[in-house]
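Examination of the molecular architecture
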Amino acid sequence: MLTKFLIAGVIYLSILIFLVRRTRVKEKTTSSYLLGGGNIGFVIGLFTTAATLFSAFTVIGMPDFFRTHGIGAWIFLAVSDTMMVYALIRIGEMLRRKARKLDFKGMSGLMVNTYGAKLAGYVAFGGAVIFLIPYIAVQISGISIFLNAAFPDAIPVWAWSLIIVGIMILYSETGGLRAIMYNDTLQGILLFITIWIIGWNCVSHFGSITSMFDKVESISNELLSVPGPKGLFTTQFLIISAIAIISLPFTQPQISTRVVIMKSSSALRKMAIGLGIVAILIILPTLFMGMYGAVLYPEASTQEFIGHVLLYDQAEGVAALGLIGLIAAAISTSDSQIFALGSELRSLLTLGDKKAILITRIFIFFFGILALIFSILSTEHLVLLARTSFTGTAMMGPMILVGILSSRKPSLLMPVITVMALITFILAKIGIIPSKIGVLEVELFLFSILAIASILEVFLLGKGKGATSEN
Amino acid sequence: MKKRRVTLLKILDGLAILAFIASFSPLVTPEHITEPFIMGMPYTLWAGLLVSFLFVILAYLVSIIHKEDNNAD
């Protein structure tokens, strides 16, 4: 199997190198290097956004989530993703309009301009760094541990992490966002094909979808309804997850940048609808994989189950493709996130473009190393950490939305309340304050406070204020 | 024309909000209920699939209404 993996790996790396050479930016400016020239068509836009969105969290995490917690995972991710598509198509256009007017370089810079205060930008940047770095790290470590388990005699876990981060930094530094997007397209296609071959094999094992669910029902009836065998999918859990996922296009900079740099409004609309269809088509096979695991490996650990479903139960060629698909999924999300953190930093810098780009590139390298260090240390569960990352950045959602939608310059109420919400959320996550306030989960409580603050800002404080800085 | 477009968008937003509420109510996610099965799929799964398709269709309808609107280009 190692030989086939190495052959597939060499082919994959060769295509990556070819694409980097094709997309290499000689004169690195904010527009060409960080924003990919700002002229992205529908097809590339769709695949890069899909590859950025569907990470190792989807390939490893979702099958395991379906296996452990049952079909409520469909509501948790697929329904929330299609809700996100609706939000994207309704608000994306307004974000693009604001971005055009205020010379968009990143969401943090856009917030500085919109609020007319650096605090808003620092909050957006700080929130992104705090919640994205651990998420990037846990993806890298998840894949590295898995590769180590697949090839125990090859190299240690940290060396796999180093190779993955090395590849990401190398092509991000060389080709910029355009290289990342072309590679995302390759990786998105690879991920799609791989996950469907494996998902289909899982259904074929049972003969049909009906017999698959019959078998699952005979093993654990609880897997076929909410809240699932462990009671995870409560109404509050699902609502918090949905709010977090719906906010992604505006709160996670790697996605908002892609929304802004689409070639045209028409391309954005096609991309959004395509993304909804791709979300359904990508999550469906992970459901099949999860149900297969629920029947065949109900007591196995995540690593054992993923090892079986992706590798040992597949033909060698498919297994090699599965491993490459897994690496592609992790890389395509993590590189975009690391790069987006660099872009966010750039949008806060008021230096000359050349110097700002140099600093940004140094920090992209630094963020990569930071993610590598965290990945060697991290042990967290992939899906739940991803959800924490989404929820954490979603705390910034109301502030960002008020900034995007407001035609006037908002007061500092939203940035201040957002900082307090972020601190409260972090304290609750590390156990210093309770995770429930009354009957409400702390996240839902904080979302409610932020919603009230937004209403206050828009309907009371916003009135009589001056216009935004672009006018 | 613009007024009609705004009205249609409000209707679609209303439907999206209703679908959001339904998704987290016993209508789509009743606790411990697996029946009726359709095409072998348990209730919450096929209801969830329908909601997913509904949101994509709503997004498509918004895109049709916005077709002539290219303000950000």
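Keep in mind that this is a model prediction, so the values were computed, not measured. Here the residue index of a chain counts from 1 through its sequence in written order. For this description, chains carry letters from A and ligands carry numbers from 1, given in the order in which they are written. Only residues with pLDDT of at least 70 are given local features in this predicted model, and only at 80 or more are side-chain atom pairs given and counted; all residues enter the totals for whole chains, interfaces and linings.

A few points about the overall build of chain A
Strands here mean DSSP runs of E at least two residues long; helices mean DSSP runs of H or I at least four residues long; both are numbered from the N terminus. The secondary structure content of chain A amounts to 20 helices and 2 strands. Each radius of gyration reported is based on C-alpha atoms, and the globular scaling rule is 2.2 Å times the count of residues to the power 0.38. Compactness check: chain A gives a C-alpha radius of gyration of 22 Å against a globular reference of 23 Å for 471 residues, within 12% of the reference. Its C-alpha atoms put chain A at 65 × 55 × 40 Å along the principal axes. Within chain A, buried positions represent 57% of all 471 residues. In this description, a residue-residue contact is defined by the distance between C-beta atoms placed from the backbone, which must lie within 7 Å. Once local pairs closer than 6 in sequence are excluded, the contacts in chain A between residues at least 24 apart make up 83%. With C-beta atoms placed from the backbone, a residue is labelled by how many other C-beta atoms lie within 10 Å of its own: buried for 20 or more, exposed for 12 or fewer, partly exposed between the two.

Side note on unusual backbone geometry
With an omega of 5°, the peptide bond running from Val226(A) to Pro227(A) counts as cis. Residue position: Pro227(A) is located in the loop between helix 9 (209-219) and helix 10 (235-246). Geometrically, the link from Glu35(B) to Pro36(B) is a cis peptide bond, its omega value of 5° lying close to zero. Assignment of secondary structure puts Pro36(B) in the loop between helix 1 (2-23) and helix 2 (43-65). Its identity is not glycine, yet His32(B) carries a phi of approximately 60°, on the positive side. Mapped onto the fold, His32(B) is located in the loop between helix 1 and helix 2.

What about the environment of Ala330(A)?
All names here are of chain A. One can find Ala330 in helix 15 (residues 316-348). For the pair Ala330 and Ile136, spaced 194 residues apart in sequence, the C-alpha separation works out to 8.4 Å. Once residues lying within four places of it in the same chain are set aside, the contact partners of Ala330 are Ser55, Ala56, Gln139, Ile140, Ile143 and Ile164.

Focus: the confidence of the model for chain A
It should be kept in mind that the predicted coordinates are not to be read in detail where pLDDT is low. Per-residue pLDDT for chain A has a mean of 87; in total, 96% of the residues score no lower than 70. When the criterion is pLDDT under 50, residues 466-471 of chain A qualifies, and its contacts beyond four places in sequence or with other chains add up to 13 contacts. Residue-level confidence of the predictor, termed pLDDT, takes values from 0 up to 100.

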